[in-house]
Amino acid sequence: MAEAKSYIIESLDTGLRLMRLFLTHDTLSVTAAARELEVARSTAHRVLSTLEARGFATRDASGRGYSAGPELVTLGRPAGYGPDIRGRLQAVLDAAATATGETISTAALIGDQVIITDGRESSHPVRAVLETGRAHPAHATSAGKVLLAQLTTEQVCALYPVERLPGVTGRTLVSRAALLAELVRIRTLGRAESAGESVEGMNAVAVPLAGNSWRDRLALMATMPADRGTASALAQHAVELRRAAGLLSHPSA
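Rules and cut-offs
- Residues numbered from 1 in each chain as written.
- Predicted model: local features only at pLDDT ≥ 70, side-chain atom pairs only at ≥ 80, totals over all residues.
- Heavy atoms only, no water.
- Helix = DSSP H or I, 4+ residues; strand = E, 2+ residues; numbered from the N terminus.
- Contact = heavy atoms within 4.5 Å.
- Areas by Shrake-Rupley, 256 points an atom, 1.4 Å probe, with all protein chains shown as cover.
- Patch = residues over 30% accessible without salt bridge, like charges linked within 9 Å, V, L, I, M, F, W, Y side chains within 5 Å.
- Salt bridge = Lys/Arg side-chain N within 4 Å of Asp/Glu carboxyl O.
- Buried < 20%, exposed > 50% of the residue type's maximum accessible area, 1.4 Å probe, protein only.
- Polar contact = N/O pair within 3.5 Å; in protein donor to acceptor, adjacent residues only side chain to side chain.
- Pairing = 2+ DSSP bridges.
- Axes fitted to C-alpha atoms, helices over the stretch in contact; angles between N-to-C directions.
- Expected span 1.5 Å × (residues − 1).
- Arc of directions from axis to C-beta.
- Parallel < 35°, antiparallel > 145°, perpendicular 65-115°, else oblique.
- Nonpolar A, V, L, I, M, F, W, Y, C, P; charged D, E, K, R; others polar.

Caption draft 1: Fine view of the overall build of the protein chain. Tallying secondary structure elements over the protein chain gives 10 helices and 9 strands in all. Considering only intrachain contacts with a sequence separation of at least 6, the fraction spanning at least 24 residues in the protein chain is 58%. Accessible surface computed for the protein chain: about 12,400 Å², of which carbon and sulfur atoms make up 55%.

Caption draft 2: A look at a nonpolar patch on the surface. A cluster of nonpolar side chains, namely I9, L12 and L16, defines an oily patch on the protein surface of about 290 Å² accessible area. By the secondary structure assignment, L12 is in helix α2 (residues 10-21). Residue class for L12 comes out partly exposed when judged on its relative accessible area of 48%.

Caption draft 3: The side chain of S194, seen in detail. Structurally, the position occupied by S194 is in strand β7 (residues 192-195). Separated by 3.3 Å, the side chain of S194 and the backbone oxygen of A140 make a polar contact. Excluding its chain neighbours within four sequence positions, the residues that come into contact with S194 are A140, T141, S142, K145, M202, N203 and A204.

Caption draft 4: Focus on the sheet that holds strand β1 (residues 27-29). Reading across the sheet, the 3 strands line up as β1-β3-β2 and stay open at both edges, with antiparallel pairing between neighbours. For this open sheet the edge positions go to β1 and β2 (57-59), each flanked by a neighbour on one side alone. Taken pair by pair, the neighbouring strands of this sheet meet at an average axis angle of 35°, ignoring direction. Relative to strand β3 (residues 65-68), β1 runs antiparallel, the two being bridged by 3 bridges. Bridged to L28 within β3 is Y66.

Caption draft 5: Region of interest: the pattern of salt bridges. Per the counting criterion, the structure on display carries 10 salt bridges. E121 is the salt-bridge partner of R127, the closest N and O atoms lying 2.8 Å from each other. Where E197 meets K145, a salt bridge forms, and the shortest distance between an N and an O atom there is 3.0 Å. Pair noted here: E197 is in the loop between β7 and β8 (202-210) and K145 is in helix α7 (residues 142-148), with a separation of 52 residues, a long-range link. Across this residue pair, the class does not change: E197 and K145 are buried. Residues participating in the shared-partner salt-bridge network are K145, E182, R185 and E197.

Caption draft 6: Quick look at the pairing of β3. In the sheet, β2 pairs with β3 via 3 bridges, with the strands oriented antiparallel. Among the inter-strand pairings, R59 is bridged to a residue of β3, identified as Y66.

Caption draft 7: Broad picture of α2. Between the first and last C-alpha of α2 there are 17 Å, a value that for 12 residues agrees with the 16 Å anticipated at 1.5 Å per step. Buried within α2 we find T14, G15, L18, M19 and L21. Projected onto a plane normal to the axis of α2, the buried residues spread over an arc of 150° and lie on a single side.

Caption draft 8: Molecular detail of the packing of α2 against helix α4 (residues 41-53). Relative to each other, α2 and α4 sit at 75°, their axes nearing to 10 Å. Judged by the angle between their axes, α2 and α4 are roughly perpendicular. Residues T14, G15, L18 and M19 of α2 touch α4, and the partners they reach there are T43, A44, V47, L48 and L51. When grouped by side-chain class, the residues that make up the contact of α2 with α4 number 6 nonpolar, 3 polar and no charged.

If you want it as structure tokens, here you go:
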């Protein structure tokens, strides 16, 4: 063990320990990082600045706090794949599918993509297909947008460094300014909607499901053909999704 420690690069070790702090902290100030790592404030500042330069940290608008950057978010394992959380989600998925009658999905945000982690497919003859494991551009889906809305503006801008966003359909938001405005609305409503933005003829609504930080947040989404996904139907489904999300049990102590 002593020999192994002799090969440790102290500055790299400090950087790695600081990166681990972002697994449990949405934001970190230089002072907080120095306290957690038991290093000088100047050391914490240099490490955070280095992580920022490499995309592993993002500075907020005040310049005093840092959040996980796009490189670190991309490296994080998607929430919803562990056996414990998958087991606890089954009652949620069943309740949401029964209440809405539509295809239900859970989704996690990885970088600028949203990954479908689990779900239930509707029994309607015409329905959305459950695509477990498939990635979609986050800005084009209701689940992706509701998860993006839980990030800071600085984190969203780091994920989307240019103004022009890729179009998926003719209804996809294709500017960062429009996306940021939409995220403000989503934070107020507590739900996100997609009307043909990811797949033509398919509408969806999503609500936050679980997670206290960027790494373990999930969204709960209902997807349906546009003729069943009217504005009033999506609003009602959001109520049912929130009710189902409330069934999520806490992990055993």
